[in-house]
Amino acid sequence: MAMSDLFRVSLRQVVRQRGFGVIFSIALGITAFIVLAVLGREIRYKVGQDMVLMGGVNVIQVYMDDASYPGQPLREFYPETVEALSRLPGVGVVSCNLRGGRVFDLSTSGERKLPMDFIGIDQYFADVYSLTLVAGRLFDTEDIEHRRRVAMLGREAAQLLYAEPDEAVGKLLILGQDVFEVVGVVSGVMLGSWGRGGFLPYTVMIDRNWSSGRVDRLFVRAIGWEDVAPLVRLIPEVVREHQSAPHMVVRTQDEQLARIQTTFMWVEVLLWLGIVASLMLGGFGIWYGTFAAVRARTREVGLKKAMGGADTDILAQFLAEALCKSLAGGVLGILLGVLIVRLGSWALGTGISYPLLLASSIGSILFSALIGVAGGLYPALQASRMDVVSALRFE
């Protein structure tokens, strides 16, 4: 039998047997494999960028701890140091900050005095801590460079002072001997107690010698949690290449980071186990389906052998049927995988690695063929080794 005729007859048998469950099971496994192979890294990085909402494990605090050592000069981070840190691989953004704050007594709408802590930040602080703008606007570069007397309030602070966050925008705050205009109200999971306080441009606080009066703390946001450990090693080296920092401290949330890494490791393991289980289910389906086909067509096998059919012809026919099932599942899985990869890349805002997509598609076809051969080989061998007389007498 010609190869084209063999596969044409095999495809017809696959349609007659209605083995669509097996085909879909293989397709599901292949689809998941292609999506994880092509978009796995982008998904991990996207999730890593959003991990700040689960405790800020991507944020590394770097500060000068000279005040804890009597007699030491109080150092600050130089602009060139901040610029060098922002160029490190794996760094998303670096925010300058004054360690410590300044407390002011403010009057609420009910004339009650409320002590409120203000900290000095720059225009990148909102990006580092993924702040949500409730009302007004965030600090911009001109606010910092031109030392404007503007302020932002946390949502809780705005509610305590003005009942509604929207009412806070445009209000004037008397802080010390200066008047500041509230330009925005912010909130965020990571703010913590800062949500009950306020924010001022760090340059304004330095001019008035409020708080530490110098840039002695940096917030470094890593792109993903996988970048945290390498950055913890690199940051001290880079800082000390540009300035003296004998008592610099690099702080991360190691325990939370370890928990998240462990959680995602198990999630990834379970995903791969699901893919393997789906493909194994397809392989067992092919094995069982081929056995059922051999049993149902035992008399047909005996008749073909009686008419001169060779064992290799019988083996090739049943093996081709199993191969057609698995390849149909593989092709369907590739089509679905390519579609989901395109949708996923659009949703994530990332590009597609077409060489990786091509390699994973070729690998999927080869693996589908392997599943078909592995699942159909033994039943096909059993069919090819049937005794002619016993097969013809089979009821």
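Calculation notes
Per chain, residues are indexed from 1 in the order of the written sequence. A pLDDT threshold of at least 70 governs which residues receive local features in this predicted model, and a stricter bar of 80 or more applies before side-chain atom pairs are shown or counted, although totals over entire chains, interfaces and linings include all residues. The side-chain quantities take in all heavy atoms of the structure and omit both hydrogens and water. As used here, the term nonpolar core means buried Ala, Val, Leu, Ile, Met, Phe, Trp, Tyr and Cys residues forming a set that is joined through side-chain atoms within 4.5 Å. For each residue, the accessible area found with a 1.4 Å probe, counting protein chains only, is set against the maximum for its type, and the residue is called buried under 20%, exposed over 50%, and partly exposed in between. Working rule for contacts: check all heavy atoms of both residues, and any pair within 4.5 Å makes them a contact. Axis lines are fitted to C-alpha atoms, over the contacting stretch for helices. Their N-to-C directions set the angle, which ranges from 0 to 180 degrees. Going along the chain from the N terminus, every DSSP run of H or I of four or more residues is numbered as a helix, and every run of E of two or more is numbered as a strand. Each crossing gets its hand from how the near helix is turned against the far one by less than a right angle, where anticlockwise is left-handed and clockwise is right-handed. Residue polarity follows a fixed list, in which Ala, Val, Leu, Ile, Met, Phe, Trp, Tyr, Cys and Pro are nonpolar, Asp, Glu, Lys and Arg are charged, and the others, Gly among them, are polar. Two rings belonging to Phe, Tyr or Trp (six-membered ring only in the last case) form a pair when the distance between their centres is within 6.5 Å. Interplanar angles under 30 degrees mark stacking, angles over 60 mark edge-to-face geometry, and anything in between is tilted.

Draft legend 1. Quick look at the nonpolar core. Ranked by size, the top nonpolar core spans 47 residues in total, and within it Phe 77, Phe 118, Leu 153, Leu 173, Leu 175, Leu 218 and Ile 235 carry the most contacts. In this structure, Phe 77 is in contact with Val 62, Tyr 63, Met 64, Val 82, Val 215, Asp 216, Arg 217, Leu 218, Val 239, Gln 243 and Met 248, ignoring residues within four places of it in sequence.

Draft legend 2. Seen up close, the packing of helix α11 (residues 298–306) against helix α12 (residues 311–348). For the pair α11 and α12, the least separation of the axes is 10 Å and the interaxial angle reads 145 degrees. In terms of crossing hand, the pair formed by α11 and α12 is right-handed. Between α11 and α12, the residues in contact are Glu 300, Val 301, Lys 304 and Lys 305 and Asp 311, Ile 314, Gln 317 and Phe 318, respectively. Of the residues in the contact of α11 with α12, the class split is three nonpolar, one polar and four charged.

Draft legend 3. Region of interest: the packing of aromatic side chains. Under the counting rule described, the total for this entry stands at 10 aromatic pairs. Ring geometry for Phe 125 against Phe 219: centres 5.9 Å apart, planes inclined by 55 degrees, an arrangement best described as tilted. Placement of Phe 125 in helix α4 (residues 125–128) and of Phe 219 in strand β10 (residues 217–222) is noted, with a sequence separation of 94 residues between them. Judged on exposure class, the residue Phe 125 and its partner Phe 219 are both buried. Ring centres of Phe 180 and Trp 210 lie 6.2 Å apart, and the angle between their planes is 45 degrees; this geometry places the pair in the tilted category. Of this pair, Phe 180 sits in strand β8 (residues 178–187) while Trp 210 sits in the loop between α8 (202–207) and β10, and the two are 30 residues apart along the sequence. Residue classification places Phe 180 among the buried residues on the basis of a relative accessible area of 0%. When its relative accessible area of 7% is taken as the criterion, Trp 210 is described as buried. One aromatic cluster is present, formed by Phe 125, Tyr 129, Trp 194, Phe 199 and Phe 219 through successive ring pairs.

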